[in-house]
Number of protein chains: 2
Amino acid sequence: MTRQRRLILQVMDNAEQHLDVDQIFERAKRIDSGVHLVTVYRTIELLKKQGLIDELDLLHLRGDRHYYETHGPRDHIHVACLKCGKVREFESRLYEQLKSQIEKDFGMKVTISRTEVGGYCAHCQTLRAREVEEVRMLTLDAEKPAARTPKKRVRKS
Amino acid sequence: MTRQRRLILQVMDNAEQHLDVDQIFERAKRIDSGVHLVTVYRTIELLKKQGLIDELDLLHLRGDRHYYETHGPRDHIHVACLKCGKVREFESRLYEQLKSQIEKDFGMKVTISRTEVGGYCAHCQTLRAREVEEVRMLTLDAEKPAARTPKKRVRKS
DNA sequence: GTTAGTGCAAACCTTTTGCAGCTCT
DNA sequence: AGAGCTGCAAAAGGTTTGCACTAAC
């Protein structure tokens, strides 16, 4: 347990949300500028193997990077809004039942599980409905297909 | 709808398992050597946006590649064995209920969902080490991505 | 003929690696 | 001291982009 590892773990524990590698790096650097990005990668790899943290993709909504969170006592589902990007967590007995069913049906022991769900949250649904309505009004006679959301490229500097 | 796109779709439809980009590329090339990797990427991007294919990570068991499958009529869960790497699919009414519960609790409309589960399958729990190794050879090596072979460092001009 | 898709090379970003020097126990 | 970690530079791997050319409708 070195100074750097302690720091990285501390950053992740204090995080109020899911961080990607660069975010962890930035926060660690702010406290101790002598921490190297490579060390963050290596530490994350280690923690992942030990099962102390979980890795998420969040459905690649924000690009293909990975996000990390400290492994809590209970499994939860990540629910993301496709529009505003907000991620919420969800626990359910149904989820536990589902995993039990898999174990029973396949005769297997489940040790990892990840479920990520995307959709439009209550707030964005009303926004979207309004937009759709506007588009419809504009194109009543044109018979145009619905506008696609432009691809947003999430790229680090 | 071009020759290339038709071909790429055909490859994915005929696939008996989840393919990554390079596997799709290799198979397409075998049929029409004039297909370019970039076109595969662009086509996948397109199909993904249209919701015609789904993207999987398979819990990163085989590295950080992405895998693709044509989007069937019903959602299913991917269940992977951590030992032999075999991936099976699982459908359940519980899963539908779970998604309904999320929609109800959050007042949201769920449009994408992905769940991937890892564990030890019935075989791997009981097989002896040597037999496990054989299964691994059969399932993982069949079309395993090229191993990362470190080479002598050579300065690039 | 216009619009959209393709091939190519090169850029880009993220993650991994070899190695030398430094830390922790 | 010895094992293990770290920082560094650079490689490797995967994905995207700019641009000229070609194919599709």
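The structure this text deals with has already been given above.
The structure contained in this document is the topic of the report that follows. (Residues numbered from 1 in each chain as written. Chains lettered and ligands numbered in written order. Predicted model: local features only at pLDDT ≥ 70, side-chain atom pairs only at ≥ 80, totals over all residues. Heavy atoms only, no water.)

Moving on: the interface of chain A and chain B. By a frequent convention, interface size equals the accessible area lost on bringing the separate parts together. Between chain A and chain B, the residue contacts involve 42 residues of the former and 43 residues of the latter. On the chain A side of the interface with chain B, the three residues burying the most area are A:Phe90, A:Phe106 and A:Arg114, jointly 17% of the side's total. For the pair chain A and chain B, the interface holds 4 salt bridges. A salt bridge links A:Glu116 to B:Arg114, with the nearest nitrogen and oxygen atoms 3.3 Å apart. Our count for the chain A to chain B interface comes out at 18 residue pairs in polar contact (both at pLDDT 80 or more). (Contact = heavy atoms within 4.5 Å. Buried area = accessible area lost by both parts, 1.4 Å probe. Salt bridge = Lys/Arg side-chain N within 4 Å of Asp/Glu carboxyl O. Polar contact = N/O pair within 3.5 Å; in protein donor to acceptor, adjacent residues only side chain to side chain.)

What follows is about the relation of the copies chain A and chain B. Mapping chain A onto chain B calls for a rotation angle of 180° and an axial translation of 0.1 Å; the resulting RMSD is 0.2 Å. Read as a symmetry element, the transformation amounts to a two-fold axis. When each C-alpha of chain A is compared by its distance to the rotation axis, A:Thr115 comes out closest, at 2.0 Å. Same-surface contact between copies: 95% of interface residues of chain A are shared with the interface of chain B. (Least-squares fit on C-alpha atoms with pLDDT ≥ 70 in both.)

Our next topic: the nonpolar core. Nonpolar side chains tend toward joint burial in soluble globular proteins. Counting residues in each nonpolar core, the largest one holds 26 residues, and the members touching the most others are A:Ile102 and B:Ile102. For this core, the secondary structure elements donating two or more residues are strand E4 (77–81), helix H4 (93–106) and strand E6 (109–120) of chain A together with strand E4 (77–81), helix H4 (93–106) and strand E6 (109–120) of chain B. (Core = buried A, V, L, I, M, F, W, Y, C linked by side-chain atoms within 4.5 Å. Buried < 20%, exposed > 50% of the residue type's maximum accessible area, 1.4 Å probe, protein only. Helix = DSSP H or I, 4+ residues; strand = E, 2+ residues; numbered from the N terminus.)

Bringing the sheet that holds strand E3 (residues 67–70) of chain A into the picture now. Residues and elements named next belong to chain A. Taken in spatial order, the 3 strands of this open sheet run E1-E3-E2, and their pairing is antiparallel. Of all strands in the sheet, those bounded by a partner on one side alone are strand E1 (19–20) and strand E2 (53–56). As paired strands, E1 and E3 are joined by 2 bridges and run antiparallel to one another. In the sheet register, Asp20 faces E3, and the bridge partner there is Tyr67. Each of E1, E2 and E3 touches helix H1 (residues 3–14); the most contacted strand, E3, lies at about 90° to it. (Pairing = 2+ DSSP bridges. Axes fitted to C-alpha atoms, helices over the stretch in contact; angles between N-to-C directions.)

Right, let's get into the packing of aromatic side chains. According to the stated counting rule, one finds 2 aromatic pairs over all chains in the structure shown. Arranged with centres 5.5 Å apart and planes meeting at 70°, the rings of A:Phe90 and B:Phe106 form a pair that is edge-to-face. Taken together, the residues A:Phe90 in strand E5 (residues 87–90) and B:Phe106 in helix H4 connect one chain to another. Per residue, the accessibility class of A:Phe90 equals that of B:Phe106, and both read buried. A:Arg62 extends its terminal NZ or CZ atom over the ring of A:Tyr67, reaching a point 5.3 Å from the ring centre. The aromatic ring of B:Phe106 is capped on one face by A:Arg88, whose charged end is 4.2 Å from the ring centroid. (Phe/Tyr/Trp six-rings, centres within 6.5 Å; stacked < 30°, edge-to-face > 60°. Lys NZ or Arg CZ within 6 Å of the ring centre and 35° of its normal.)

Residue and element names in this part refer to chain B. Where helix H1 (residues 3–14) meets helix H2 (residues 21–31), the axes come as close as 9 Å, and the angle between the chain directions of the two elements is 115°. The two elements H1 and H2 cross, and the hand of that crossing is right-handed. Two secondary-structure elements touch here, H1 through Leu7, Ile8, Gln10, Val11 and Met12 and H2 through Ile24, Arg27, Ala28 and Ile31. Looking at the contact of H1 with H2 residue by residue, the classes come out as 7 nonpolar, 1 polar and 1 charged. (Left-handed = near helix turned anticlockwise from the far one by under 90°. Nonpolar A, V, L, I, M, F, W, Y, C, P; charged D, E, K, R; others polar.)

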